[in-house]
Every structure is written in structure tokens, then in C-alpha cells.
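Tertiary structure, described
The lines below spell out each chain.
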Amino acid sequence: MEYLLNITIYLPLLGVVAFLFIRGDEAVKWVSLAVTTITFFLSLPLLFNFDVANSAIPQYVTEGTPIFLGMDIKYLVGLDGLSMLLFMLTTLFGPIVILASWSSIKKSLIGYYSMLLILQTASLGVFASLDLVVFYVFFELGLIPMYFLIGIWGGSDKIRATIKFFIYTLVGSLLMLIALIYLGYNAGAATGVYDFTSDWRFISGPDYTIGLVEQTWLFLAFALAFCIKVPLFPFHTWLPYAHTEAPTAGSVVLAAIMLKLGTYGLVRVCLPVFPNAFMEFAPLMAVLAVIGIIYGALVAMVQKDVKKLVAYSSVSHLGFVVLGIFAFNTMAVQGAIIQMINHGLSTGALFLIVGMIYDRRHTRMISDFGGIAKKMPVFAVMFMIATLASIGLPGLNGFIGEFLILNGAFISELYANHAYAVISAIGVILAAAYMLWMYQRVMFGPITKKENESLIDLNGREIALLVPLVIFMVWIGIRPVDFTKYSEEWVNSFITMSEEKSVAVIENTDPGEIPNWTARLYGIESGEQNNLLAQQD
Amino acid sequence: MDYLHDLQSFLPGIIVAVAGLVVIMLDAFKKGVHLSYGITVGALAIALIIGIQALFGDTGTAFTGMIVHGGIGAFGKVLVLVGTLFCVLISKDYLSEKDLHNGEVYGMLLFATTGMLGLAVSNDLITLFISLETMSICLYVLAGLMKNEKIGAEAALKYFLLGAFSTGFLLYGIALIYGATGQTNLTDVAAAAEPTLLFLAGAGLLLVGIFFKIAAVPFHMWTPDVYQGTPTTLTAYMATAAKSATFVAFILILTRMLPNSEIADWTNVIQVIAIITMIVGNLIALAQDNVKRMLAYSSIAHAGYLMVGLAAGTAAGYSGVLYYLFAYTLMNVGAFGVIAYYERNHNLDFTEIDSYAGLGFKVPVMGVMLSIFLFSLAGIPPLVGFVGKYYVFAAAVHAGLIPLAIIGVLASAASVYYYLRVMVFLYFKEAHKEYTLKAPGFLFKASLIVLAVLTVYYGVEPVLPTTGLIELITSYYPG
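Residues numbered from 1 in each chain as written. Chains lettered and ligands numbered in written order. Predicted model: local features only at pLDDT ≥ 70, side-chain atom pairs only at ≥ 80, totals over all residues.

**What about the overall build of chain B?**
From N to C terminus, chain B includes 19 helices and two strands. The globule rule puts the C-alpha radius of gyration for 479 residues at 23 Å, and the 21 Å found for chain B is close to it. Along the longest, intermediate and shortest principal axes, the C-alpha atoms of chain B span 70 × 55 × 40 Å. Looking at chain B as a whole, 63% of its 479 residues qualify as buried. The contacts in chain B between residues at least 6 apart in sequence include a share of 79% that link residues at least 24 apart. (Helix = DSSP H or I, 4+ residues; strand = E, 2+ residues; numbered from the N terminus. Rg over C-alpha atoms; globule rule 2.2 N^0.38 Å. Buried ≥ 20, exposed ≤ 12 C-beta atoms within 10 Å, placed from the backbone. Contact = placed C-beta atoms within 7 Å.)

Okay, structure coming up:
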């Protein structure tokens, strides 16, 4: 099984090697499709053999040797409850994005499909890596193909969009790199064996705690990098550009997978490693998340471009995920994890749909459409399901995630205020408003433009790539436990452990040793923190 | 027996020097330039093999303490030889296209390399000075190869005048150090050093000379013009081999002559210079429209990152610098190589970024390789440039220089913009007019492919040189 995991990660890269010997556009397409489809089927046994009861422990672990004595940086991959579903989401989207590009990409196909395949390996690598340096390498590796995808095959303002995307993400992750190095040396000293360690299992484990001052700075550096990637308000400005200018497949991968790297990182690193800072900054992050939810929804409402509308709706939806993560209870974090999957499915589907209509009409302006439902009934149904899933209609997947998050935020001890959940709930209403309004303007009413008269409905390929997404939207909506079970044990055990760790850090802190701002921040003298934790237990 | 040992220690340098003499003689008797080229490549390859073997040998000193044997010096020799060998391999096509393919180019190049090999092992201020001059004088000649072009003449003259000026500083520094301590051997100087004004002034002037050679701000003024006016493949040679040799000499001075921080803590000086160098180098590079000039400023910025490792002042820092130099040699020779390829297809203006529009799709392998080298220079994983930066910054963080490391990574983030900009033109812009590029020569293409493969390989698998490096440094580090 360990081999299977590695094969799954690197098989797409092997496809790129194959392009050295394969010429001809058709062959390139078929090889890409074959490689990603095989990757998906190879990843299925990983899901079926996953030990759900022990999801807190990484499984299928491959462990290399440290790169040199004293420095415990090593190749370390495995899957646990947190990464399992996101890993599967990534393999599922592999063949879908290839199929989505089938007829719309006409320029330098080898380059295009190489980029998609490299991106696939990078995304799978991020979710599977358990060594923070390896994590960082895969995290950055994803930037290069995305840069070219937007820059070469993008829309009219592609150069500005792609450079903004690249630099924005890079600034955050470079600061994270410094924090990562500091953390590595700090953790290495704690092992007593190594000078440096970036083994996530040790760093997030119960034996390693970090002092309050370091925790604050490290948390801020890591959180900044992840929040830019999410993107959380006010770091979101790169997202609408990148989404709008990217080719369909680029938007889909960006929305479904790459944005998840941010929220995934928050849960993977920030929650278990910096528990005190995590709890202390939770209300601040929640405020940003709530602003993002409302702001994203309001801006989405006034968009004239369908793709931009979906892009801003991402800002809103990912606000929910962040809100859930920082609520710091099992229900909300579970909701956040399932919402990551939901957002991938529904927003991915929406971008695919926008791409399909764009291929036919070469416009994305809402005003250019109207009355399409009559001409394209199958399209209308698919679009409707994706729209409703995105809104969070009960019975579809979006509802499950949003319900758990709002419920968890409502009872969250850290927020200690119902306002967060209440205001966020307004975001759900706004979502219904902007999505349904857009749907109505695009699909219903009289046909005003004569170009729309001759639209043809979806072909077999297009239906085939939407159907799996629709199936999962319904499945998660009806039987969410089939999916939430994977992360349940993980969330429970890490929340409990983080709480214990945070108490231990406070107990071990000598109030005389730390600077005033830290004492004030963590309420050491007044003992508020301890009381709060006592209530939670 | 001692003589044998001494000679063996400097064998790569001797081989290169003898080859240089042979090439010059051949040129005098009008034998074909291809023979000279063959001899040059052969001599460098043999010297490199011997140099690599010496990596695993014993450490010590040779020639009665004038040079170091093994350890950092041995690695320095390998760096210089790798850089030189690849520059020579890519030079032939380029120089013959530009009508500069003469035997004396290789003669000068080999003599310069001899100087660099001496510089990388110098354990005495006299050796340091003589090696540096041997190297510099030959480089002045190489900088002026395009003597009929304005920028070529400007490069040579500027390099010579400013270089002579800086040598004055260096020599004056050596004189003052000798006056203060009565010694010229690095370790003897360290033993006899006292914090007198005379000694500090001497050491300071010596460092000024070194800063000039590595193009640290504010001693960088010559770099862009010289780099632009020199034939491109020889620019690569100056930017990699010469820089590696000088940095290794810098490390030797810091570890052997100025190890005692009680006399004076030079790391503060290096820190300040590193910060200015990174910021100024990157900011000016942002505004460049000529790719060659852009790479010149970026090489200034890279000197800044390298000095971050020196500022850490630990074995990890020095080995990080050495690894970075290795990475820098691979990717910089590669980048200059591809630029030389584009340039020789047309004319001099072809180094303007605007003329790169749409080039990436013309000869795909060249475009892809330039992208790899530029991403590596930008420090994006999983390429060797990232690993180099990682080691250097990690050493700085470990030594407690977190603000320095943060400035470093932010400067490096800014640098990404101008590397990306080249790729924007390569791939994202449409070509202005239709033209076809000539196919690259086999040897030229093969050497660049080797460099690209190594750039990726040592990024993914940073094990081999690093393990060796740490052992080298720790086994060798005095005190």
C-alpha cells in the first residue's frame, strides 16, 4: 500500500516524461486522460483500506532517511483522516480537468497537459507529505504550472493576473519558510537527537510544546501564508483576477484543490502545533472570516461576469471554512473539512459549467444570456444542481458543511459570542440571492440575443465529467456520515491534544520570564485562559 | 617527498597553467584554433577529475603554508573547474559566430583559471594577492574581447580602472596587516592579531578589495557595464568561476585570519553589506530591460544572499555558502548559455527583453531550459537554487539572525518578479515578426541539458554534496 500511495503521487509526473517520446496532439490528450484515470483508480484502494478508527495516525507511511546527520529532513508521505478525502478529491478532479480542456485548448498542447499533470503531482504531494519541508516543496511546486497555465492559456489580462497570483503567494510562503526553519531548529532541540526536525508527527505530537512568544510569531507567519492561499479577507485580491483570467481547467484546479491548501495548512499545522496562539487569535480570524463571507457575497451580487461571480462566491465560501476551523470544536472543524470537499465539488462544477457556456458563446457576461434553459435542458439541470449545492440547499452537500460550521460556531467557547454564527448565516441568505438571481438571468426569460438561438446542449463528454460531481453532491447531502467518518477520530483526538498542550504551555510558563505583551495577550496574570479551558473540558 | 606532496596538492592548477602555455604557443605558430579548444577542454576535464578525487583526501597545508590542501580549498577548486569547463563548452559556438574564436581566448581563460585555483586555496596574503592579480589581469583582457564595439571597450576600460583601484585597497590592506602583525600567513596573522587601529584598518581595506571582486554594494558599480560588454559566455565565466574563487578566498580569510570575534566582529559589517547588496541589487534589477544587465544585477543580489551565510559565521553557514556557489554555478552558466544562444542567432540587440517575445515556443528545449534556470535562480523548489537559499537562510536563522533572514527572503520574493518577466516575454507575448532560429550545436545543447538536469537533480536530491560539505567544513574548521 505504501508503494501504491507513491505511485499515485508520481504517476502524473511519469506522464510528463512520456511526452518526451510522444508527439501528436491527440496522443497527448489520450495519454493525459489515461494517466489521470489510472491515478484515480489506483487511489481507490487507499480509500477502501483506510482504517477509519485510527484516522489520527498516518497510514501508508513511506519514510526516507534523514538527508544528513543531525538534520531530520526526510521524504515522508502518508495519509490520515485529514488528508484522505482531499487526496481523493484531487485524484477525482484529475481526469475531469483533462476532459474539460479536451476541445477548448488549441495552443501548444504538450505544454498545457504537462502543466496540468505536474500540478496534479504537486497537489497530491502537498496532501500526502508529513514532513514540513517536503510539504513546503510541494506547496511551492504547484505555483510554477499554475503560473504558466494562466499566463499562456489565460484570458486578456492574463499577465497581470498570473504575476499577481505568483508574487502574492510567494511572499506569504517565504515568510512561512523562515518560520518553518525556526520551528525546525526549535523542535530539533526538543528531540534531543537532532539539530533540526521537520517531522510533522513529532512537531504536532504531545511531547513537543513551544513557548508562548515563539508560538505567537510562528503562528502569525504560518497563518499569513495560509490565509493568502485561502484567500481570507483582506488577502483575497489576487483571487478574482487569477480565476477570471485562467483557462477553465486552471480555474477548476485553483478552486477545487489549490485554495484548499490554505485551509488544509491551517488545520494541519496551525491547530496542533501552536494551540495557544491558535485559540488566542481565533476571534480575530473569525472576524476576518465573517467579513470575507459577507463582503464576498455582496461583491458577487453586483458582478456582471459569471466567472467573476463564482470567484467571489469562493471568497465567501472559504470564509465559512475558516470560521469553522477557528471555532475549535469537533462539530465546526468537521464541518470545515467536509466543506472543503463541498466547495471543491460545487465550485469546481460551476467553473466547468461556465467554461462550457464560454466555449459555445465566447462571452461570460450575464447580460449576453437569457432563456438558455429552453435550448439546453440538460445543461440547465446540471447548472441548477451545482447552483443549489453551492447555496447550501438541504439534501445537497453544501448544507451539511454550512450547517455544521454555523452550529459549531454558535456554540464555540472561543468565540463566546453568537454574533459570528448569526452574521455568517446572513451570508447563506445572500448566497441564495446572488446565485439564484444569476441563474434566473442566464437561464430563464425570453431569448434576447439571436446567437443564443443556435446553442447546442451538452455532449456526452461534458455530461460524463459533470455526472460524478453531481453524484457526490447528492451523496454527501444524503449520507454525510460516509464522508465525515474519515476525519472524525482525527479531529477529536487533535482537538483534545491541542487543548492539553495549551494548558501545559500555560502551566510551564513563568510569568516573570515573558514580555508584557505576551502576558497580556494570553491573560497569564488574570488566569482567564485557564478558566476558559477549564470550561471547555 | 614534501615537494611531491606540494605539487600534487596544486596539480589541477599546474595542469591548467601548462595547458595555457601550450595553447598560447600553438596560437603563436598559427595552428588551428580547434586544437587549442580541444586541449583546453581536455586539460580542464583532467584537472576536474583530479580535483574531485582530492575532495576525499586528507587536509592540511602545502608549500610551507602558502596554500591549503583539501577541505574548503579542494571544494573551491572543483567549483572553479566546473564553472570553467561548462563555460568553455558553451563558448565555442557562440564565439565563432561572433568572430572571436581565437586561440588566445583560451590561453587567457586558462591563465585566469590558474589564478582562480590559487585564489581558492590561498593561505597566505601574498598567494592571495598574486592569484587575484593573475585572475584579474586575464579577465580584463577577456572583458575587452569585443574591442571594436563601444560597449566592449567601455567594459574593459571600466573593469581595468576600477579593478586596479580596488587592488590598491587590497594591497594597502595587506601592507597594513603586515605592519601590524609582521606576518602574512593567514593563521599566523590570526595568532599575532591585536585590536590595534593599524590591524583593523588593514583588515578593513582587505575586505574592501574582496567586496569589490564579489560585486557587493556599494562596490558594485563596474558589474553591469562589464557584464554587458563582455561576450556572454565569458560573462558567465566571470559571474560564476571568478565569484566562486573569491568567495572561497573570503571564507578562508574569515575562518583562518579573522576567526577571533573579540578583536573585531566582522559579521556585523558583513550583515550590513549583505542587506544593502540584496536590496539594491534586486531593486535595480527590477528596472532592467536588457536581460544580460538584469542578470548582472541579479548576480549582485546573489552575492548578497551568499553573504547572509557568511554573516551566520558557523560551519553550517559556510557550507551553505559553498553549496549555494555550486548551485549558482550550475544555474547561472545555464541561464547565460541560453541567452548566448538567442543572442548569437541575431545581433547584440537581441539581449533586450522585448525581443524575447514568443521565443519560448521556437526551439522548445531552449525555452524550457531557460525557464528551469530562471526558476532556480528565483529560488523556487524543487530546484537547486532553492536548496542553496534554504541552507544559507537556515544557517542565518539558526545563528539568531532572523531579521536578516526575513529581509533576505523578501528581497528574494521581489527578485521573482524580474525572473518571471523574462518568461512572460518568452511565453506569454506574441512574437513581433516571423523568423527562424538556428538549431543549437550538439555539444552546446548537450552541456546545457546536463546543467539543467543537474539543476533539477540536486534540487530533488540534495544529499550528496551536502553530506560531504558538512564533513569537509567540520573536519577542517580551525579551532
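**What to know about the overall build of chain A**
When its secondary structure is counted, chain A shows 22 helices and four strands. In terms of overall dimensions, chain A is globule-like: its C-alpha atoms have a radius of gyration of 23 Å, near the 24 Å expected for 537 residues. In terms of overall dimensions, chain A has C-alpha extents of about 75 × 55 × 40 Å along its principal axes. Out of the 537 residues belonging to chain A, those deemed buried represent 59%. Here the analysis covers contacts within chain A between residues at least 6 apart in sequence; of these, 80% occur between residues at least 24 apart.

**Side note on the nonpolar core**
Ranked by internal contacts, the top residues of the largest apolar core, which has 399 residues, are Ile178(A), Phe222(A), Leu323(A), Phe393(B) and Ala396(B). Counting residues per element, this core draws most heavily on helix α14 (residues 315-344) of chain B, at 20 residues. (Core = buried A, V, L, I, M, F, W, Y, C linked by C-beta atoms within 7 Å.)

**Looking at the interface of chain B and chain A**
At the interface, 26 residues of chain B touch 25 residues of chain A. Here the side of chain B that touches chain A is built from residues that sort into 22 nonpolar, four polar and no charged. (Nonpolar A, V, L, I, M, F, W, Y, C, P; charged D, E, K, R; others polar.)

**Description of the environment of Glu451(A)**
Tracing the backbone shows Glu451(A) in the loop between α18 (419-443) and α19 (460-478). The spatial distance from the C-alpha of Glu451(A) to the C-alpha of Gln303(A) is 22 Å, given a sequence separation of 148 residues.

**A word on helix α16 (residues 377-391) of chain A**
Residues and elements named next belong to chain A. Compared with the 21 Å implied by 1.5 Å per residue over 15 residues, the 21 Å span of α16 between its first and last C-alpha is a close match. Those residues of α16 that fall on the buried side of the exposure criterion are Phe-379, Met-382, Phe-383, Ala-386, Thr-387, Leu-388, Ala-389, Ser-390 and Ile-391. In this structure, the buried side of α16 is in contact with α13 (306-327), α14 (330-361), α17 (397-411), α18 and α19. Within two residues after α16, Gly-392 carries a phi angle of roughly 100°, on the positive side. (Expected span 1.5 Å × (residues − 1).)

**Brief notes about the domain arrangement of chain A**
Where interface size is given, it is often the accessible area lost as the parts come together that is meant. Residues and elements named next belong to chain A. Looking at chain A, the domain boundaries give domain 1 (2-500) and domain 2 (501-536). Centre-to-centre, using C-alpha coordinates, domain 1 lies 35 Å away from domain 2. In this assembly, 14 residues from domain 1 lie in contact with 16 residues from domain 2. For the side of domain 1 that touches domain 2, the secondary-structure elements that each account for two or more residues are α9 (212-229), α12 (275-301) and α20 (481-508). Here the residues of the side of domain 1 that touches domain 2 are counted per class, giving six nonpolar, four polar and four charged. (Domains from an automatic or database assignment.)

**What about unusual backbone geometry?**
Glycine aside, a negative phi is what most residues show, and trans is what most peptide bonds show. Pro231(A) follows Val230(A) through a cis peptide bond whose omega is -5°. Structurally, Pro231(A) can be placed in the loop between α9 and α10 (238-245). A cis geometry characterises the amide bond from Val217(B) onward to Pro218(B), with omega recorded as 5°. The residue Pro218(B) is located in the loop between α9 (197-213) and α10 (222-229) in this model. Of note, His362(A) is a non-glycine position whose phi angle comes to about 55°, a positive value. Relative to the elements of secondary structure, His362(A) occurs in the loop between α14 and α15 (372-375). On the basis of neighbour count, His362(A) is assigned to the exposed category, with 9 C-beta atoms found within 10 Å.

**Quick word on the confidence of the model for chain B**
On average, residues of chain B score 88 in pLDDT, and 95% of them reach the 70 mark or higher. We note a pTM of 0.88 for the whole complex and an ipTM of 0.83 for its interfaces. (pLDDT = per-residue confidence, 0-100.)

**Considerations on the packing of α14(A) against α19(A)**
Residue and element names in this part refer to chain A. As a packed pair, α14 and α19 sit with axes 10 Å apart at the nearest point and diverge in direction by 150°. By the angle class used here, α14 and α19 are roughly antiparallel. Like other packed secondary-structure pairs, α14 and α19 cross with a definite hand, here left-handed. Residues Asn-342, Leu-345, Ser-346, Gly-348, Ala-349, Leu-352 and Met-356 of α14 form the contact with α19, whose own contacting residues are Glu-462, Leu-465, Leu-466, Leu-469, Phe-472, Met-473 and Ile-476. Across the contact of α14 with α19, the residue classes tally to 10 nonpolar, three polar and one charged. (Axes fitted to C-alpha atoms, helices over the stretch in contact; angles between N-to-C directions. Parallel < 35°, antiparallel > 145°, perpendicular 65-115°, else oblique. Left-handed = near helix turned anticlockwise from the far one by under 90°.)

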